[in-house]
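What follows is the residue order along each chain.
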Amino acid sequence: MALGKWEHSTGPPGKRLPGCGWHRDEKKLDIAPRGDDENGDNVMILHVDMDAFYASVEERDQPTLRGQPVIVGGSAEKRGVVAAANYVVRSFGVHSAMPTSTALKLCPHAVLMPVRMSHYAEISRSLHEIFFRYTPLVEPLALDEAFLDVSGSGRLFGSPEKMAREVKKAIHDELGLVASVGVAPNKFLAKLASDLEKPDGLVVIARENVQEVLDPLPVGRIWGVGKATGKTFERLGIHTIGELRECSPGDLESRFGKMGDQIWSLAHGIDTRPVIPDREAKSISNETTFATDIEDMEILESWLMELTEQVSRRLRRSGMRARTVQIKVRYDDFDTFTRSISLSDPTTSTQEIWRSAATMLKERLPERPLCIRLLGVGVSNLQQQGSVQGELFDDPDQESRLDEVTDEIEDRFGRGAVNRASSTMRTTNRKPEPGSENFGNPDG
Ligand SMILES: [Mg+2]
């Protein structure tokens, strides 16, 4: 489950950073502030997730592809991977992040389409416009996936279920695409719900039905229960969330440490993490899990560049600057390392974040064979742009001007419209095409 992304540190709901307005339409949307009920009794969250996003976009744009097995990804000759697989090709066992060569062995007559990231990014922007009609509290998880806190939107738009239907309809009518939506009292359940009836799903988990829905599901549905934890449960004869719920918090804690507490809460449908728009986040990060572990530093570096661009772009859009840059690396044996660098001055510059991230990747990992399962980049220690003393009077440096211009052009013409001269990774070294969680589960 992709919920295991880096968690944003969470502040108390309802508290906003001083001077931080809503994203847009703040005057038009008369939304009750979040956190108006202390117990979270009225919180309702939508999780919207596009179905087989990149592949569906290609099918939409080229109707002759409909009904055919479609893979969006890099070429087999260049060690490409599957970025997205439509539902037809999935029946052959093809899934995202699989090497394209393997996918084509499973389904030799599949149509392979190249990844058009800037095109998907543009559609993603239209998608966000739809979300923002209903609430300013939109937390993007990926290009094709977001949480919407609609707790305060009921007076204007009706029930959360009605909003979910309208969002799905708008996506269908305006973008010609299909989304699955989960509606639930918290993030964990909303994300779970959106996945239950994919594709074209709409699942509402009402407060009173939480256990009824959760109990029959396998324990692996709980965020944080991965392969290793799953095996432990298997040994204990615990297969479903219902069976897991019989365990006391103490049992789980003695077996799984701090994680046990979280597992217990989620098994009981409890998740207090608020929806945090980038504008209010304490940290911004993207990470990706590779289907095949990566042993090649150059390939890893090009992924790092892609993640860095995503994160720094989100950072600039949020109106914040970052003082700390982190990377996260998980090896094939699940050993996970995070490294961070504090900058002397807070930044929004892609190049500056990249320099720190690349230094950590190349110089600060433990001495052991490179075999990487997951890679992440994050920024934290955020402060509002303009709060740096003297900054208003200083000329922005060349790099940040370059970023601004790049963002502006890419907002108009799509990502990738500008080829950063300094982005040597791109020109010297094609990476496997992205097909990862940080771009969403474009597959899901
Ligand atoms: Mg998806």
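Please refer to the structure higher up on the page.
To keep things clear, this report deals only with the structure shown in the data block. Bear in mind that the values here come from a model prediction, so they are computed numbers and not experimental data. (Residues numbered from 1 in each chain as written. Predicted model: local features only at pLDDT ≥ 70, side-chain atom pairs only at ≥ 80, totals over all residues.)

## Structural notes on the packing of helix α13 (residues 297-318) against helix α14 (residues 350-363)
Item 1. Contact pair α13 / α14: the axes reach a minimum separation of 9 Å and the direction vectors enclose 145 degrees. When you trace α13 past α14, the crossing you get is right-handed. Residues L300, E301, L304, M305, T308, E309, V311 and S312 of α13 form the contact with α14, whose participating residues are T350, I353, W354, A357, A358 and L361.
Item 2. For the contact of α13 with α14, the class distribution of residues is 9 nonpolar, 3 polar and 2 charged. (Axes fitted to C-alpha atoms, helices over the stretch in contact; angles between N-to-C directions. Helix = DSSP H or I, 4+ residues; strand = E, 2+ residues; numbered from the N terminus. Left-handed = near helix turned anticlockwise from the far one by under 90°. Contact = placed C-beta atoms within 7 Å. Nonpolar A, V, L, I, M, F, W, Y, C, P; charged D, E, K, R; others polar.)

## A word on unusual backbone geometry
Item 1. Residue P199 is bonded to the preceding K198 through a cis peptide linkage, with omega at -10 degrees.
Item 2. Along the chain, P199 turns up in the loop between α7 (187-196) and β8 (202-204).
Item 3. You will see that D200, though not glycine, has its phi angle at about 60 degrees, which is positive.
Item 4. Positionally, D200 belongs in the loop between α7 and β8.
Item 5. Residue N381 is not a glycine yet carries a positive backbone phi of 60 degrees.

## Quick notes on the packing of helix α4 (residues 117-132) against helix α6 (residues 160-175)
Item 1. Direction vectors running N to C along α4 and α6 enclose 140 degrees, while the axes themselves pass 10 Å from each other. The orientation of α4 relative to α6 falls into the category oblique. In the crossing of α4 with α6, the sense of the turn from one axis to the other is right-handed. Across the interface between the two elements, I123, S126, L127 and I130 of α4 pack against V167, A170, I171, E174 and L175 of α6.
Item 2. Looking at the contact of α4 with α6 residue by residue, the classes come out as 7 nonpolar, 1 polar and 1 charged. (Parallel < 35°, antiparallel > 145°, perpendicular 65-115°, else oblique.)

## A closer look at α4
Item 1. In this model α4 runs 22 Å from its N-terminal to its C-terminal C-alpha over 16 residues, within 8% of the 22 Å that 1.5 Å per residue would give.
Item 2. Residues Y120, E122, I123, S124, L127, I130 and F131 constitute the buried set of α4.
Item 3. Residues of α4 that are buried in the fold lie against β1 (45-50), α1 (53-61), β5 (138-142), β6 (145-149) and α6. (Expected span 1.5 Å × (residues − 1). Buried ≥ 20, exposed ≤ 12 C-beta atoms within 10 Å, placed from the backbone.)

Shape is all these values report; function is a separate question.
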